[in-house]
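# Fold and geometry: a report
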Amino acid sequence: EEIVEEGGKRPGYLGVRVVEADIAGDEEGGEIETIEGVVVTSVVPGSPAESIGLEAGDIIWRFGSETVLTSASLRDRVSSSAPGSLVNITFKRGSRQIDENVRIASRSPEQLRQAQFMVQPEEIDIRIEMIQREIDRMEKELKRLREAR
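Residues numbered from 1 in each chain as written. Predicted model: local features only at pLDDT ≥ 70, side-chain atom pairs only at ≥ 80, totals over all residues. Heavy atoms only, no water.

### Some words on the overall build of the protein
Looking only at helices and strands, the protein has four helices and ten strands in total. Listed by position from the N terminus, the elements making up the protein come as β-β-β-β-β-α-β-β-α-β-β-β-α-α. Relative to its 149 residues, the protein shows a buried fraction of 31%. Considering only residue pairs separated by 6 or more positions, the protein has 56% of its internal contacts joining residues 24 or more positions apart. For the protein, the accessible area works out to roughly 9400 Å², and carbon and sulfur atoms hold 49% of it. (Helix = DSSP H or I, 4+ residues; strand = E, 2+ residues; numbered from the N terminus. Buried < 20%, exposed > 50% of the residue type's maximum accessible area, 1.4 Å probe, protein only. Contact = heavy atoms within 4.5 Å. Areas by Shrake-Rupley, 256 points an atom, 1.4 Å probe, with all protein chains shown as cover.)

### Remarks on the nonpolar core
Core analysis: the biggest nonpolar cluster contains 19 residues, and V16, L54, I60, F63, L74 and I89 have the highest contact counts within it. Every element with two or more residues in this core is listed here: β2 (16-20), β5 (38-43), β6 (59-63), α2 (71-79), β8 (86-93) and β9 (96-103). In contact with V16, other than residues within four places in its own chain, are V40, S42, V43, A49, L54 and L74. (Core = buried A, V, L, I, M, F, W, Y, C linked by side-chain atoms within 4.5 Å.)

### A word on α2
Within α2, the full set of buried residues consists of S73, L74 and V78. Down the axis of α2, the sector holding all buried residues measures 130 degrees, keeping them to one side. Packing partners of the buried residues in α2 comprise β1 (12-13), β2, β5 and β6. (Arc of directions from axis to C-beta.)

Rendered as structure tokens:
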């Protein structure tokens, strides 16, 4: 167990930034599908996430034996994992489901503080795309409700 100078256990580190993915996605054929998990918005170069091939746009829905539904739940599970431990991650890329084992790393408290304030351009693009999909879904639902009157 690695100890931080301040006296606590060093949190586990994966090297991804994510947002919730529990929005409705418009599937071909007009059906609406609820997406569960968290969408990767960016991957830190040289991180454990990069080593297993995670990419922006992937949807992480399982960490170890537990389903991931929120960015907070993934953050909590990763940070409570011991640095050096091996954890299975299940994610979707398009229609493919991918299972990979990742070795959890650690970062210093200073690196953790710095990372909280970094926003990558691809994160903004993915968030805009997710918001647009939700707007489109809501417009379709509103149209359906108006036609039902």
